[in-house]
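# Structural overview
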Amino acid sequence: MIKKHGLSASKALGQNFLFDMQLLDKIAAVPGNLENQHVFEVGPGPGGLTQALLQAGASVTAVERDERCLPALTELSEYFPDRLKLINDDALALDHGSLFDGPFHILSNLPYNIGSALLVKWLSAPHWPPQWQSLTLMFQREVADRIVAEPGSSAYGRLSILAQWRSEAKLAMTVHRSAFTPPPKVMSAVVHLIPKPQPEGVDFAKLEILTQTAFSQRRKMLRQSLKKLPGGLDALEQAGIESTRRPETLTVSEFVELARLLS
């Protein structure tokens, strides 16, 4: 398929193609049985994961910005009539929920340059629980580690808290760089997230600016970093959190409590 359509991965679009169908089948199996399920995929490229999802029985809506890949994907759709819908657009600009009448899963080998932004977009859905039932996403290993990191670790930070306040996040599998074409400079990993009940009284925007402010100076005590945030020091006092602590020592629930007070 790649040779037929003269495709090559675009560095500008953050593309790295996966051709190992055994590996792709494993990724497609992470969320469980997809028979008759609706799946949203971002950046399918030539359609390796798309094929695995279709073979697993899913109906797939795929958003691909790279017009070069559309002929290959269109050819793939002919083998699975009425089960692959293609959209040529920028995934960051779309309202993903409007593409589906009901619940859906999101599976994607995300383009590296927009992966984190898309994750935050899905986690910041105004209505919770969200329309998506699970996220199964390929990231650079460093980013994946940040998503699932525990307090006190060097990887723990803003992304850890934003991912874990509303979802259960786990590392599903690691993927060696040699599995990709072309091989990236770093290792990759698949992260699986399932929505959980949202803590009441917490505004996402407040949590986002709180974590951004706290971790902008992660080596400093909270009394130093949060003095820039209106109400930050008062919230620390109300929550009973020592202002001499550093941000990486706070649990997700402690950050959520601070965000609730700021909200």
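See the structure above.
What this report covers is the structure whose coordinates are included nearby. (Residues numbered from 1 in each chain as written. Predicted model: local features only at pLDDT ≥ 70, side-chain atom pairs only at ≥ 80, totals over all residues. Heavy atoms only, no water.)

## Here's the deal with the pattern of salt bridges
In total, this model carries 6 salt bridges according to the counting rule given. Put simply, Arg141 and Asp145 hold a salt bridge, and the shortest N to O gap is 2.8 Å. With Arg141 and Asp145 both in helix H6 (residues 141-148), this residue pair falls 4 residues apart, about one helical turn. Relative accessible area serves as the criterion here: at 26%, Asp145 is assigned to the partly exposed category. One salt bridge connects Glu142 with Arg146, and the closest N-O pair in it is separated by 3.4 Å. On the criterion of helical spacing, the pair formed by Glu142 and Arg146 is a turn pair, its members being 4 residues apart in helix H6. Judged by its relative accessible area of 54%, Glu142 is exposed. (Salt bridge = Lys/Arg side-chain N within 4 Å of Asp/Glu carboxyl O. Helix = DSSP H or I, 4+ residues; strand = E, 2+ residues; numbered from the N terminus. Buried < 20%, exposed > 50% of the residue type's maximum accessible area, 1.4 Å probe, protein only.)

## Let's talk about the side chain of Thr50
Looking at the element boundaries, Thr50 is found in helix H3 (residues 48-55). Sequence-distant contacts of Thr50, defined by excluding residues within four places in its chain, comprise Glu41, Pro44, Val60, Leu73, Leu76 and Leu84. (Contact = heavy atoms within 4.5 Å.)

## Considerations on the packing of aromatic side chains
One pass over the structure, following the stated rule, counts 7 aromatic pairs. Between Phe40 and Phe100 the ring centres are 6.0 Å apart and the planes differ by 85°, which places this aromatic pair in the edge-to-face class. Highlighted residues: Phe40 in strand E2 (residues 38-42) and Phe100 in the loop between strand E4 (84-87) and strand E5 (104-109), separated in sequence by 60 residues. On the accessibility criterion, Phe40 (0% relative accessible area) is buried. Geometrically, the ring pair formed by Trp128 and Trp132 is edge-to-face, given 5.7 Å between the ring centres and 85° between the ring planes. Under the relative-accessibility criterion, Trp128 is labelled buried at 17%. Cluster of aromatic residues (ring-pair linked, three or more members): Phe40, Phe100 and Phe104. (Phe/Tyr/Trp six-rings, centres within 6.5 Å; stacked < 30°, edge-to-face > 60°.)

## Focus on the nonpolar core
With 55 residues, the main nonpolar core has Leu119, Trp122, Phe139, Ile147 and Phe255 as its most contacted residues. Top contributing element to this core by residue count: helix H11 (residues 252-262), with 6 residues. What Trp122 contacts, discounting residues up to four positions off in sequence, is Phe40, Val42, His96, Ile106, Leu110, Trp128, Trp132, Leu135 and Leu137. The next biggest cluster of nonpolar side chains, apart from the first, holds 23 residues, and it includes Leu53, Val60, Phe80 and Leu107. (Core = buried A, V, L, I, M, F, W, Y, C linked by side-chain atoms within 4.5 Å.)

## Digging into unusual backbone geometry
The linkage connecting Trp128 with the following residue, Pro129, adopts the cis geometry, with an omega of 5°. Note on placement: Pro129 falls in the loop between helix H5 (115-123) and strand E6 (132-140). Non-glycine residue Asn36 carries a positive phi angle of around 65°. Position of Asn36 among the secondary structure elements: in the loop between helix H2 (21-29) and E2. By relative accessible area, which is 63% here, Asn36 ends up exposed. For Asp82, which is not glycine, the phi dihedral falls at a positive 65°.

## What to know about H3
Buried residues dominate H3, accounting for 6 of its 8 residues. All buried positions along H3 are accounted for by Gly48, Leu49, Thr50, Ala52, Leu53 and Leu54.

## What about the environment of Ile241?
Mapped onto the secondary structure, Ile241 falls in the loop between helix H10 (232-239) and H11. Non-local contacts of Ile241, meaning those with residues more than four positions away in its chain, are made with Leu222, Leu236, Leu250, Glu254 and Leu258.

## Considerations on the sheet that holds strand E7 (residues 167-175)
Sheets are built from strands paired through backbone hydrogen bonds, the pairs being either parallel or antiparallel. A sheet is described by the order of its strands in space; here 7 strands give the open sequence E4-E3-E2-E5-E6-E9-E7, paired in mixed fashion. Each end of this open sheet is capped by a strand with a single partner; those strands are E4 and E7. The average undirected angle you get between the axes of adjacent strands in this sheet is 20°. Alignment of E6 against strand E9 (residues 188-195), held across 6 bridges, turns out to be antiparallel. Residue pairing across strands places Met138 opposite Val190, the latter belonging to E9. (Pairing = 2+ DSSP bridges. Axes fitted to C-alpha atoms, helices over the stretch in contact; angles between N-to-C directions.)

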